[in-house]
Amino acid sequence: MEKKYLLYIAVRILLVISTLSGCSTTKALREGESRLASNVVTVTNSKQYPEFNPSGVDKYIRQKPNSYIFKGKKGGWNPAIYIYNWDTGKCKWWDNIVHKIGQEPVVFRPDMVEESKGNITTYLENQGYYYSQVTDSICVKNRKAVVYYNITLGKQYPIKSISYEVEDPQLLPDVMADTLNSLIKVGMPLSESLLDKETERSEEYLKNKGYYEFSKNYYFFRADTISVKDSVLLKVIIKNHTRKELSDEGRPHRKFYFGDVYIYPVSDNLRYRASIAQKIPQIYDTVHYENISILYDKKRRIRPSILYTMNLIEPGALYSSDIVNLSYRRLANLRVYSSVNLELTKVDTNVVDVMIRLLPSKIHGYKVNLEASTNSSGLIGLSPAISYFNRNIFNGGEWLSLSVMGNFQFSVTSPTRAIEFGANAGLSFPTFVLLPDRMFRRIVPRTDIALSYNYQKRPEYTRNMIGGKFGWNWSSSSNKFYYQITPLQLNIVNLPVYSNEFMESLTDPFVREAYKNHFDMGLGFNFQYASVPGMLPSDNCFKASLQVDISGNLLSAFNKFMAVDSSGFHTIWDSPYSQFVRGELSLSYTWMIGKEKKHSIAVRALGGIGYAYGNSTKMPFERLFWGGGSNSLRGWTGRGVGPGSSKLDNTFSIPNQTGDMRLEANIEYRFPIFSAVKGAIFFDWGNVWNLDRNADHSSMAGSTLDEDSFFRWSSFLSTSSLSGGLGLRLDLNFILIRVDYGIKLYDPVVRSWKVPKDWFSRGGASFQFGIGYPF
């Protein structure tokens, strides 16, 4: 069994050279069968209709070819197809392995071509291209079939005029008031797709105007293409009956109002209203706010005032679907409840009662994290962390988080040691503290307060850092956008112990400033976007993150009241305050490929830069950029690369390379091996650099400049690093454990490529251990 598992891994490694192996992608086919290599869609009159996008046709083609990593017009490259064709037909266990790892070729079925043509024709009519023609031609070469779908787009009918007919006079004013927002405009080509989108938009609008029972099925359309040539007169009709009903079944459209509102928790054995009514005296207290009844859970107390505030549904108010959805989001964002269910019940001709059922979730818990790295020089790093959370610490939906972390670095070949210890405490409130909540009722608010302490003991120095933050954050209704504004960021850094030899060795005065006591106060902004929310998305996903920090500007307004040290810097508590601006942008995309989307390709581009000015000549050490480690350039240990082509600073017993800016690009191919074990092939490019500030240095006599650390366009490629390697992942759904072996392929220090014999030599590679994907 162990041999088979090792064989799994060996087969996966051979993916890189599979195209050079000369293997066929049709070997596994039966006699007379062909592999569907590609579908090619061509629009013969595309110049006449430049707005038409042929890519929309793809999903209406019944048979799809295998997915490709690199795709051409007549096919593409997918190593998994080659693996599948390593089937011998003789060795059952071997064939099972390559079938499981590989991807079965799609056998071409000619009968599906006719079905696809019918689907495409229907789609084109839906898009407003009437009387379109779709023909096909099939080319089979070397048992690989390419199907050509040739489309001649039909005639379009632009809308010359739009009129409205509303059967219910009460509904008419609201409909006419919304016509300016209609998606249907004069001059647009008529299409079923356009009409359908407009009915959905209008339905949502009218439901927010109180029409609880309204749906798009009340819409009818009459298109007159006879009265005018080559265009259409469109009449939009709203009836009192739906498309599935007879005219005599119609009824007037009524505006609804919210009636009584009930909010109460539901446990597994209290699913229905009747059983809850029987248990209320023993389990719940009831609090009334006007017509809102809140059942107060005695065992899992959360203040009724919090539930009242998070709920935006007011008895007697005009019904609005937006208010219902927003109330759901606000209550769910408390994270005190695993399920929030809103039930609307019609109790009168124009009244709906609202019942909000809340299923309690786990209030508190623990998390454990561990990262590790090692390289062939014998340096080992361990970073354990444990955290505790409580989602309802003060019975008001407040989140408490406590965490401690450590970082231990040591060498197996020398007595070198470094210790880091950190503790963090955070408190999050379900409101915007210091801001009126009524101004932000349409978003889900959070206020975060955090305190932190960090202790570092290295052979060169001992450092203490105390930090604090206060800020607000919120998410969009789709949870795709996340915003965080931190108006106060505070950091106090003190070096009570350091060796004189260490300070004397820092010949660059800018670098020396980064290792002095300092006071940091400023503000920050963070923006994040994910096209598919979630930690492990199951579909193609684009992510973006922007972090901007500005420090010292407010303090600089009080310079005249501050003391000045011997270097000319203004100080607070005998420590100069830091003044800088720093920004970092990360963009990533993950393509899910393969028949069952078990394979993926992930790419990331990352850039950051910081600049000190005013009261600082260098950003504080903790704000500088660094590379290497389990989520960066994996051929190097953390802080073990750069800046530029600088040699490793021997001042530090353990690598501590940093810079003013960072550029990085990564690509990773992820694939299944067996069961929960997955593999990866990756490449990481980038480095950190210092900004060239020769003008500032020129006034500092006796300083030594490290020219190799500077970023310059003429040499940034030759001073970049490149690593590649293989990885294993254990995917347990709720957590992903990762081990990567990163090899240095190009070393900027010597500005040369590494040959294979160097990959396993001392300092030529690193093992990285982490939790979750690197990006």
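Here we look at the overall build of the chain
Of the regular secondary structure elements, the chain holds 13 helices and 33 strands. Nonlocal contacts in the chain, meaning residues at least 24 apart in sequence, comprise 65% of its contacts between residues at least 6 apart. With an accessible surface of roughly 38,900 Å², the chain has 57% of that area assigned to carbon and sulfur atoms.

Details of the sheet that holds strand β24 (residues 570–572)
For sheets, the rule is that strands pair by backbone hydrogen bonds, running either parallel or antiparallel. Taken in spatial order, the three strands of this open sheet run β23-β24-β25, and their pairing is antiparallel. Every other strand in the sheet has two partners, leaving β23 (563–564) and β25 (575–576) as the edge strands with one partner each. Judged from the two bridges that link them, β23 and β24 form a sheet pairing that is antiparallel. Bridge assignment links A563 to a residue of β24, and that residue is T571.

Regarding the pattern of salt bridges
In this structure the tally under the stated criterion is 35 salt bridges. Taking the shortest distance from any N to any O, the salt bridge between K207 and E203 comes out at 3.3 Å. Placement of the pair is K207 and E203 together in helix α6 (residues 192–207), with a separation of four residues, close to one helical turn. Across the salt bridge formed by R712 and D692, the nearest N and O atoms sit 2.9 Å from each other. Taken together, the residues R712 in the loop between α13 (694–697) and β30 (721–731) and D692 in the loop between β29 (677–689) and α13 connect sequence positions 20 residues apart.

Regarding the confidence of the model for the chain
Per-residue pLDDT for the chain has a mean of 85; in total, 86% of the residues score no lower than 70. Taken together, the stretch residues 1–22 has pLDDT below 50 and engages in 35 contacts with residues farther than four places along the chain or on a different chain. Counted against residues more than four places away or in other chains, residues 268–282, with its pLDDT under 50, gives 22 contacts.

A short note on the pairing of strand β18 (residues 444–457)
Across eleven bridges, the pairing between strand β17 (residues 417–429) and β18 is antiparallel. Bridge pairing links F421 to Y455 in β18. Across 14 bridges, the pairing between β18 and strand β19 (residues 461–475) is antiparallel. By the bridge assignment, Y453 is partnered in β19 with I466.

Thoughts on the environment of M619
Take M619: it is sitting in the loop between β27 (599–612) and β28 (661–674). Taking relative accessible area as the criterion, M619 reaches 1% and is therefore assigned buried. Here the alpha-carbon distance between M619 and D660, two residues 41 residues apart in the chain, equals 7.6 Å.

Observations concerning unusual backbone geometry
A negative phi holds for most residues other than glycine; trans holds for most peptide bonds. Residue G642 is joined to P643 through a cis peptide bond whose omega torsion reads -10°. With respect to the element layout, P643 can be found in the loop between β27 and β28. The residue Y131 is not glycine, and still its phi comes out positive at about 65°. Relative to the helices and strands, Y131 resides in the loop between α4 (111–126) and β4 (133–141). A residue is classified by how much of its surface remains accessible, and Y131, at 66% relative accessible area, is exposed.

Considerations on the packing of aromatic side chains
This structure, assessed with the given rule, holds 29 aromatic pairs. With a centroid separation of 5.6 Å and an interplanar angle of 80°, the aromatic rings of F470 and W472 are classed as edge-to-face. Of the two residues, F470 and W472, both sit in the buried class. An angle of 80° between the planes, with centres 6.4 Å apart, marks the rings of W685 and F716 as edge-to-face. Pair noted here: W685 is in strand β29 and F716 is in the loop between α13 and β30, with a separation of 31 residues, a long-range link. You can call F716 buried: its relative accessible area is 16%. Members of the aromatic cluster, each reached through a chain of ring pairs, are F432, W474, F481, Y483, F527, Y529, F542, Y589 and W591. For R582, the ring lying beneath its charged end belongs to F625, and the centroid distance is 4.0 Å. Positioned above the aromatic ring of Y773, the side-chain terminus of R670 is 4.0 Å from the ring centre.

Examining the sheet that holds strand β5 (residues 144–152)
Here three strands make up an open sheet; going across it, the order is β1-β5-β4 and the pairing mixed. Two strands lie at the open edges of the sheet, namely β1 (35–43) and β4, each paired on one side alone. Each neighbouring strand pair of the sheet contributes to a mean axis angle of 20°, computed without reference to strand direction. Direction of pairing for β1 relative to β5: parallel, over a ladder of eight bridges. Its bridge partner lying in β5, V40 is registered against Y148. Its contacts with the sheet put α4 on β4 and β5, and the angle it makes with β4 is roughly 145°.

Some details on the nonpolar core
Within the largest apolar cluster, 27 residues are counted, with the highest numbers of intra-cluster contacts made by I263, L307, I313, L334, Y337 and I356. Broken down by secondary-structure element, the contributors of at least two residues to this core are β9 (257–265), β11 (292–297), α8 (304–310), α9 (321–332), β12 (337–348) and β13 (351–360).

Concerning the environment of C139
Position of C139 among the secondary structure elements: in strand β4. Judged by its relative accessible area of 37%, C139 falls in the partly exposed class. For the pair C139 and K74, spaced 65 residues apart in sequence, the C-alpha to C-alpha distance is 10.0 Å.

Cut-offs and rules
- Residues numbered from 1 in each chain as written.
- Predicted model: local features only at pLDDT ≥ 70, side-chain atom pairs only at ≥ 80, totals over all residues.
- Heavy atoms only, no water.
- Helix = DSSP H or I, 4+ residues; strand = E, 2+ residues; numbered from the N terminus.
- Contact = heavy atoms within 4.5 Å.
- Areas by Shrake-Rupley, 256 points an atom, 1.4 Å probe, with all protein chains shown as cover.
- Pairing = 2+ DSSP bridges.
- Salt bridge = Lys/Arg side-chain N within 4 Å of Asp/Glu carboxyl O.
- pLDDT = per-residue confidence, 0-100.
- Buried < 20%, exposed > 50% of the residue type's maximum accessible area, 1.4 Å probe, protein only.
- Phe/Tyr/Trp six-rings, centres within 6.5 Å; stacked < 30°, edge-to-face > 60°.
- Lys NZ or Arg CZ within 6 Å of the ring centre and 35° of its normal.
- Axes fitted to C-alpha atoms, helices over the stretch in contact; angles between N-to-C directions.
- Core = buried A, V, L, I, M, F, W, Y, C linked by side-chain atoms within 4.5 Å.

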